[in-house]
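Geometric and topological summary
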Amino acid sequence: MSKLVVYLHGFASSSQSEKALMTKAFFQQELPDVELLMPDLPYTPKEAVTAIEQALNGRRPDAVIGSSLGGFLGTYLAEKTGCYAALINPAVAPYELLSQHFGTYHHPVLKQDFKVEPQHMPLLAELEHKPSALDRYLVLLQEGDEVLDYRKAVQFYAGCTVDVQPGGDHSYQGYVNCLPAIVKFCQIA
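Described in the following lines is the structure provided in the data block.

Quick notes on the rules
Sequence order as written defines residue numbering, which begins from 1 separately in each chain. Side-chain atom pairs in this predicted model are given and counted only at pLDDT of 80 or more, local residue features only at pLDDT of at least 70, and totals for whole chains, interfaces and linings cover all residues. With hydrogens and water stripped out, all remaining heavy atoms of the structure feed into the side-chain values. We count a stretch as a helix when DSSP gives it H or I for four or more residues in a row; a strand needs E for two or more, and each element gets its number in order from the N terminus. For every residue, the accessible area obtained with a 1.4 Å probe (protein chains only) is divided by the maximum for its type, and the residue is called buried under 20%, exposed over 50%, and partly exposed between those limits. Contacts: residue pairs with any heavy atoms within 4.5 Å of one another. Each Phe, Tyr or Trp ring, with Trp reduced to its six-membered ring, pairs with another whose centre is within 6.5 Å; inter-plane angles below 30 degrees give stacked pairs, above 60 give edge-to-face pairs, and intermediate values give tilted ones. Using only the protein atoms, space was sampled on a 1 Å grid; points where a 1.4 Å probe fits but cannot get out form cavities, open sets with protein on both sides within 12 Å along at least five of seven lines form pockets, and lining residues are those with an atom within 4 Å of a point. Grid points are joined across faces, edges and corners, and a volume is the space filled by probe spheres set on the points. Under this grouping Gly is polar, as are all residues other than the nonpolar Ala, Val, Leu, Ile, Met, Phe, Trp, Tyr, Cys and Pro and the charged Asp, Glu, Lys and Arg. The definition of a polar contact used here is a pair of N or O atoms within 3.5 Å, where within protein one atom must be able to donate a hydrogen and the other to accept one, and adjacent residues in sequence count solely through side-chain atom pairs. Salt bridge, as used here, is a side-chain nitrogen of Lys or Arg placed within 4 Å of a carboxyl oxygen of Asp or Glu.

**Topic: unusual backbone geometry**
A positive phi angle, close to 40°, is found at N89, a residue other than glycine. Relative to the helices and strands, N89 resides in the loop between strand 4 (84-88) and helix 4 (94-98). At A93, a position not held by glycine, the phi torsion is positive, near 50°. Examined against the element boundaries, A93 turns out to sit in the loop between strand 4 and helix 4. Given the relative accessible area of 10%, A93 is considered buried.

**Let's talk about the side chain of Q142**
Within the secondary structure, Q142 is located in strand 7 (residues 137-142). With relative accessibility at 4%, the residue Q142 sits in the buried group. If we skip the residues at most four places from it in the chain, Q142 touches N89, Y150, Q165, G167, G168, D169, Y172 and Q173.

**A closer look at the packing of aromatic side chains**
Inspection of the entire model under this criterion finds seven aromatic pairs. Ring centres 6.0 Å apart and planes at 80° place the aromatic pair F26 and F27 in the edge-to-face group. The pair formed by F26 and F27 is uniform in burial state, with each residue classed as buried. Here the aromatic rings of Y84 and F185 are separated by 6.1 Å at their centres, their planes lie at 85°, and the arrangement is edge-to-face. Of this pair, Y84 sits in strand 4 while F185 sits in helix 7 (residues 175-185), and the two are 101 residues apart along the sequence. The buried category is assigned to Y84, whose relative accessible area is 15%. Owing to a relative accessible area of 19%, F185 belongs among the buried residues under this scheme. Taken together, F11, Y43, Y105 and F114 form an aromatic cluster joined through their ring pairs.

**So, empty space enclosed by the protein**
Applying the stated criterion to the full structure yields three cavities of 30 Å³ or more. Taken as a whole, the largest cavity spans an internal volume of roughly 150 Å³. Around the largest cavity sit 16 residues that line it, and P42, Y43, T44, A48 and L69 are the ones nearest its centre. The set of elements that each furnish at least two residues to the lining of the largest cavity consists of helix 2 (45-56), helix 3 (69-81) and helix 5 (120-126). It is helix 5 that provides the largest number of residues to the lining of the largest cavity, a total of three residues. Along the lines of polarity and charge, the residues of the lining of the largest cavity split into twelve nonpolar, four polar and no charged. Lining of the second largest cavity is provided by F72, T75, A91, V92, A93, L127, E128, H129, F156 and Y157. Considering only residue class, the lining of the second largest cavity consists of seven nonpolar, two polar and one charged.

**A closer look at the side chain of S68**
Relative to the helices and strands, S68 resides in the loop between strand 3 (63-67) and helix 3. A distance of 2.9 Å separates polar atoms of two side chains, one belonging to S68 and the other to H170.

**Some words on the pattern of salt bridges**
Applying the stated criterion across every chain, the model contains three salt bridges. R59 is the partner of E35 in a salt bridge, and the nearest nitrogen-oxygen pair spans 2.7 Å. Of the two residues, E35 is situated in strand 2 (residues 35-37) and R59 in the loop between helix 2 and strand 3; the sequence distance between them amounts to 24 residues. Residue class for E35 comes out partly exposed when judged on its relative accessible area of 30%. Among the salt bridges present, the one from K80 reaches E53, with a minimum N-O distance of 2.8 Å. Pair noted here: K80 is in helix 3 and E53 is in helix 2, with a separation of 27 residues, a long-range link.

Listed below in structure tokens is the structure:
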């Protein structure tokens, strides 16, 4: 039976982001027998969780790779299913950051507008889960992240395998070079 991996993009991103496309190309070339799901997530919490559940269709993933808000949702998914998680510059307490970004956002793939509103923040807070199986988390951070404070993730994921790189940015410079380590850590191959 082939392994199942879910890639979760960040806020105001999609399955067509540079990081998502790098992940897809890597899996197609190096792990063609692994099923990679890359759902396009709505930008509202309840709808995003529904989209993840629909993509999984009752199946349990072996691993989740999540970037930024996708890392936050990846933690939720890993805690719910017990799968491995590789998180790239994951959002910690995103309801605090997003409360500064209310408004309408257009999803380029779903071709749909989403309103981020105050009533979404408590729903987002409900999805927050502290990691319980610390040995199942790989957290990749770059100090130069201009969007998120990497130190919050260091604190939140204390006890997990956390790798902090100097410099970089929110997109995680050199991400493609981390994919073999992600695959190894998550026991995908």
